[in-house]
Amino acid sequence: MTKVDSSLQSQNPISSAQNSVDNVHQAVNHALSHPTEQTTEEAQNAISKAENAVAQASLQSDSPAVQQATESLDEDKARLADLE
């Protein structure tokens, strides 16, 4: 018997980048609403992961989705920098 992939969306570099950027947005919102050292660090960690994911996606494609992910990530990085 073969094992069936149960995920509804297969993970490709572009969807991984988009998911990572979504996680950054949530983490930055949390850090802004609850500014502690821990929430800021969690946001920074999410940013690092998203930067890696976006870099991988940009190697695969220069699609509008990758460009949008990059722009969203840059906006959230700027929002977090305003907190620091």
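Scroll up a little and you will see the structure.
Scope of this entry: the structure provided in the associated data block. (Residues numbered from 1 in each chain as written. Predicted model: local features only at pLDDT ≥ 70, side-chain atom pairs only at ≥ 80, totals over all residues. Heavy atoms only, no water.)

Re helix H2 (residues 37-60)
- With 24 residues, H2 should reach 34 Å at 1.5 Å per residue; the first-to-last C-alpha distance of 35 Å fits that figure.
- Here H2 has its buried residues at Thr39, Thr40, Ala43, Ala46, Ile47, Ala50, Ala53, Val54 and Ala57.
- Contact partners of the buried residues in H2: helix H1 (13-33) and helix H3 (64-83). (Helix = DSSP H or I, 4+ residues; strand = E, 2+ residues; numbered from the N terminus. Expected span 1.5 Å × (residues − 1). Buried < 20%, exposed > 50% of the residue type's maximum accessible area, 1.4 Å probe, protein only. Contact = heavy atoms within 4.5 Å.)

A closer look at the side chain of Asp76
- Within the secondary structure, Asp76 is located in helix H3.
- Within the structure, the side chain of Asp76 is placed 3.1 Å from the side chain of His25, a separation counted as a polar contact.
- Polar side-chain contacts of Asp76 include one of 2.7 Å to the side chain of Arg79.
- Contacts of Asp76, omitting those with residues within four sequence positions, involve Val21, Val24, His25 and Val28. (Polar contact = N/O pair within 3.5 Å; in protein donor to acceptor, adjacent residues only side chain to side chain.)

Some remarks on the environment of Glu42
- Take Glu42: it is sitting in helix H2.
- Taking C-alpha positions, Glu42 is 9.0 Å from Val24, a pair spaced 18 residues apart along the chain.

Quick word on the nonpolar core
- By size, the foremost hydrophobic cluster in this structure holds 17 residues, and its most contacted members are Val21, Val24, Ala43, Val54, Leu73 and Leu80.
- Of all the elements in the fold, those that place two or more residues in this core are H1, H2 and H3.
- Residue contributions to this core peak at 7 residues, all from H2.
- Look past the residues within four positions of Leu80 in its chain and what remains in contact with it is Val28, Ala31, Thr40, Ala43, Gln44 and Ile47. (Core = buried A, V, L, I, M, F, W, Y, C linked by side-chain atoms within 4.5 Å.)

Here's the deal with the packing of H2 against H3
- Running from N to C, H2 and H3 point in directions that differ by 160°, and their axes come no closer than 10 Å. With respect to each other, H2 and H3 are oriented roughly antiparallel. Relative to H3, the crossing made by H2 is left-handed. For the pair H2 and H3, the contacting residues are Thr40, Ala43, Gln44, Ile47, Ala50, Glu51, Val54, Ala57 and Ser58 in the first and Val66, Ala69, Thr70, Leu73, Lys77, Leu80 and Leu83 in the second. (Axes fitted to C-alpha atoms, helices over the stretch in contact; angles between N-to-C directions. Parallel < 35°, antiparallel > 145°, perpendicular 65-115°, else oblique. Left-handed = near helix turned anticlockwise from the far one by under 90°.)

A few points about H1
- Spanning 21 residues, H1 covers 30 Å between terminal C-alpha atoms, matching the ideal 30 Å at 1.5 Å per step.
- Regarding H1, the residues found buried are Ser15, Ala17, Ser20, Val21, Val24, Ala27, Val28 and Ala31.
- Looking at the buried positions of H1, the neighbouring elements they touch are H2 and H3.

Spatial relationships are all this shows, so hold off on functional conclusions.
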